[in-house]
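Coordinate analysis (summary)
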Amino acid sequence: MSNPPFSHPRWVTLPGVVSALLLILIVVSAMLALVWMAPALPWASVWQDAYLQRIVRFSLWQATLSSLLVVLLAIPLARALLRRPAWPGRKLLLRIMELTLVLPPIVVVFGLVAVHGRQGWLPQLLSGLGWQPPNYLYGLGGILLAHIFYNVPLCARLLLQELERIPSQHWRLAAQLGLNSRGVWLMLEWPVVRRALPRLLALVFTLCFTSFAIVMTLGGGPRATTLEVAIYQALRFDMDIGRAALLAILQLLICALLWGVSGRLGGMPSLTPYTLYRHWPRADSLGSSRYVDSGWIGMLWLLLLPPLLAVVLNGLGGIWLMLWRHELWAAWWLSIKLALVAGGLATILATLLLSAAGGYARRGDQRISALTEASGHLTLLIPAMVLGTGWFVLLRPWVSLTEQGYSLVVFANTLMCLPFLMQVLRGPLNSLDEPSRRLADTLDVRGWYRWRWLLWPRLKPAIALALAYGMTYSLGDFSVVALFGSPSQPTLPLLLYQLLGSYRLREAAGCALLMLLTMLMIFLLLEWLGRRGYRSERERSSP
């Protein structure tokens, strides 16, 4: 009897190992290109140049302040969402919190301008009440507001999932003892939050420190310039590769130091949904805590909903102006093609890396398993602008940005969304328990047959979700497109930025609405295909 196709153990590990080595080679080569530039770099200018010192100080200050504000807001929000499982609209709010991870920054900025700008909803409302608010949107205030919009939902969602992993017997004992809010916090919730806090702070700090589109549009001038924006300006406008490499290495060193310290202090919160939490009656959910929790949840709604509504309402009038424009649909089609390729490649790479890591873990090779999986998380340590600078230096003699620029955009987006897709796929890939594996080995269900009949039905919904995340992440990318894209052939985010820069606000609103509708279409379509395929597999396997 012949062996099943792809049944050799190497088929589980070899593709993933090759992918991991390729990823490491690509990242290391970009870093070596920057190091190769290092001997000629003016390192003394970091301590002598007042402009560089101001950029570094502002980058560190805004990221630190943003991180502290985000965490201080996310902790009570996560506690309120945990304590109020039946709060009206909770499921919809959680879904919106998850989707903020892939909302295009340029669209979010447009919504924030419509709500908080000088002619926005909130200033007009306050002016009608007799108070003229200050212009807080441009500069540090706007950057902090945008970072809070993005990272509070993500941080609160991660903390909520960590709190939901508290064993049910602990909650049962707390209910029997009638612990109040302070007792629950000290005995159950704070130990979980404290364990996740270092890596969570590192994640939020990195996202804020490497923020590009937000600082580019809301910075308000040279005083609010960060390292990421300075790298872009050095490459795109000044063609000063030496200064760009210097800033990129400096940014990399700061991020590496931060992740090295945080890695020794705590574990990374998981993005994998957890659904086994049982809502035990809690003594601290009565009395005034109802109003406090409702206030926190209502504040989150007020943070997220108005900018999204502003994009929709303003876009309804502007989309008719752009509907017959060739430039809009050319940008839309280009964005869809780039997103499909980047999302598909990232999903395939995530599956291969996790399969190889799981195969080595089952063999007892924990070190190789950890290294294989860690190769997909390198871009959490190395920002996109740093990678882009390295590739620019490395490929400049052979690659023309006007001809191969979008190939680099696809490749960069693949690497940047890879860590998040691995978090989505990790749970389903590890869902096949050991007794089922032993039974499959006994029945000789190996190789292609095991993948087809045991793993694929479990993976199909998760793969559809991962592809949706990958496509929408690439669709909304602006930082890499701004560096490698072509202004004459823009993607939707680049077109939106051009429209905003020329003060064509109604057309920009229509472009932003089209981006949101496209993202919603991608999610609904892939989610439907994943559920449909999952139901079909279950019906086919049922007796």
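What comes next concerns the included structure.

Reading the values: rules and limits
Residues numbered from 1 in each chain as written. Predicted model: local features only at pLDDT ≥ 70, side-chain atom pairs only at ≥ 80, totals over all residues. Heavy atoms only, no water. Helix = DSSP H or I, 4+ residues; strand = E, 2+ residues; numbered from the N terminus. Buried < 20%, exposed > 50% of the residue type's maximum accessible area, 1.4 Å probe, protein only. Contact = heavy atoms within 4.5 Å. Axes fitted to C-alpha atoms, helices over the stretch in contact; angles between N-to-C directions. Parallel < 35°, antiparallel > 145°, perpendicular 65-115°, else oblique. Left-handed = near helix turned anticlockwise from the far one by under 90°. Salt bridge = Lys/Arg side-chain N within 4 Å of Asp/Glu carboxyl O. Phe/Tyr/Trp six-rings, centres within 6.5 Å; stacked < 30°, edge-to-face > 60°. Polar contact = N/O pair within 3.5 Å; in protein donor to acceptor, adjacent residues only side chain to side chain. Expected span 1.5 Å × (residues − 1). Nonpolar A, V, L, I, M, F, W, Y, C, P; charged D, E, K, R; others polar. Patch = residues over 30% accessible without salt bridge, like charges linked within 9 Å, V, L, I, M, F, W, Y side chains within 5 Å. Areas by Shrake-Rupley, 256 points an atom, 1.4 Å probe, with all protein chains shown as cover.

Now for the overall build of the protein chain. Along its length, the protein chain carries 23 helices and zero strands. Burial statistics for the protein chain: of 543 residues in total, 53% are counted as buried. Contacts in the protein chain between residues far apart in sequence, at least 24 positions, make up 83% of those at least 6 positions apart.

Remark: helix H4 (residues 90-99) packs on helix H13 (residues 289-322), axes separated minimally by 11 Å, with the N-to-C direction vectors making an angle of 60 degrees. Between H4 and H13, the angle falls in the class oblique. Between H4 and H13 lies a crossing whose hand is left-handed. Where H4 abuts H13, its residues Leu92, Leu93, Ile96 and Met97 lie against Ile297, Leu300, Trp301, Leu304 and Leu308.

The next point concerns the pattern of salt bridges. If you walk through the whole model with that rule in mind, you get seven salt bridges. For Arg83, the salt bridge identified is with Asp293, shortest N-O distance 2.8 Å. Placement of Arg83 in helix H3 (residues 50-83) and of Asp293 in helix H13 is noted, with a sequence separation of 210 residues between them. Close ionic contact of Glu164 with Arg90 constitutes a salt bridge, the shortest N to O distance being 4.0 Å. Of the two residues, Glu164 sits in the loop between helix H7 (140-163) and helix H8 (168-177) while Arg90 sits in helix H4, which places them 74 residues apart along the sequence. Glu164 sits in the buried class, given a relative accessible area of 9%. Relative accessible area serves as the criterion here: at 10%, Arg90 is assigned to the buried category. Where salt bridges share partners, they join Arg325, Glu327, Arg504 and Glu507 into one cluster.

It is worth spelling out the packing of aromatic side chains at this point. The tally for this structure, following the rule as stated, stands at seven aromatic pairs. Taken together, a centroid distance of 6.1 Å and an interplanar angle of 85 degrees make the contact between Phe149 and Tyr150 edge-to-face. Considered together, Phe149 and Tyr150 belong to a single accessibility category, that of buried residues. Each ring, one from Trp329 and one from Trp332, has its centre 5.9 Å from the other, and the planes form 75 degrees; the classification is edge-to-face. Here the residue Trp329 and the residue Trp332 both occupy positions in helix H14 (residues 326-363), the gap between them amounting to three residues, near one helical turn. Classification of Trp329 as partly exposed rests on a relative accessible area of 34%. Members of the aromatic cluster, connected to one another through ring pairs, are Trp329, Trp332 and Trp333.

What follows covers the side chain of Ser59. With respect to the helices, strands and loops of the structure, Ser59 is situated in helix H3. Looking at Ser59, the relative accessible area reads 0%, which means it is buried. Within polar-contact distance, the side chain of Ser59 engages the backbone nitrogen of Leu227 at 2.9 Å. Those residues in contact with Ser59 that sit more than four places away from it in its chain are Phe209, Thr225, Thr226 and Leu227.

Helix length check: helix H5 (residues 105-116) (12 residues) gives 16 Å between terminal C-alpha atoms against 16 Å at 1.5 Å per residue, within 8%. When you tally the buried positions in H5, you get 10 out of 12 residues, the bulk of the element. For H5, the complete set of buried residues consists of Ile106, Val107, Val108, Val109, Phe110, Gly111, Leu112, Ala114, Val115 and His116.

Here the focus is the side chain of Arg79. In this structure, Arg79 sits in helix H3. Setting aside anything within four residues of it in sequence, one finds Arg79 in contact with Leu163, Ser181, Trp185 and Glu189.

One can describe the packing of H5 onto helix H22 (residues 492-501) by two numbers: an axis separation of 9 Å at closest approach and a directional angle of 35 degrees. Taking contact as the criterion, the partners of Ile106, Val107 and Phe110 in H5 are, on H22, Pro493, Leu496, Tyr497 and Leu500. Broken down by class, the residue content of the contact of H5 with H22 amounts to seven nonpolar, no polar and no charged.

A grouping of Trp121, Leu305, Leu309, Val312, Leu313 and Leu316 is seen on the molecular surface, where their side chains present a nonpolar patch of about 490 Å² in accessible area. A per-element tally of the nonpolar patch places H13 first, with five residues. On the secondary structure map, Leu309 appears in helix H13. Judged by its relative accessible area of 39%, Leu309 falls in the partly exposed class.

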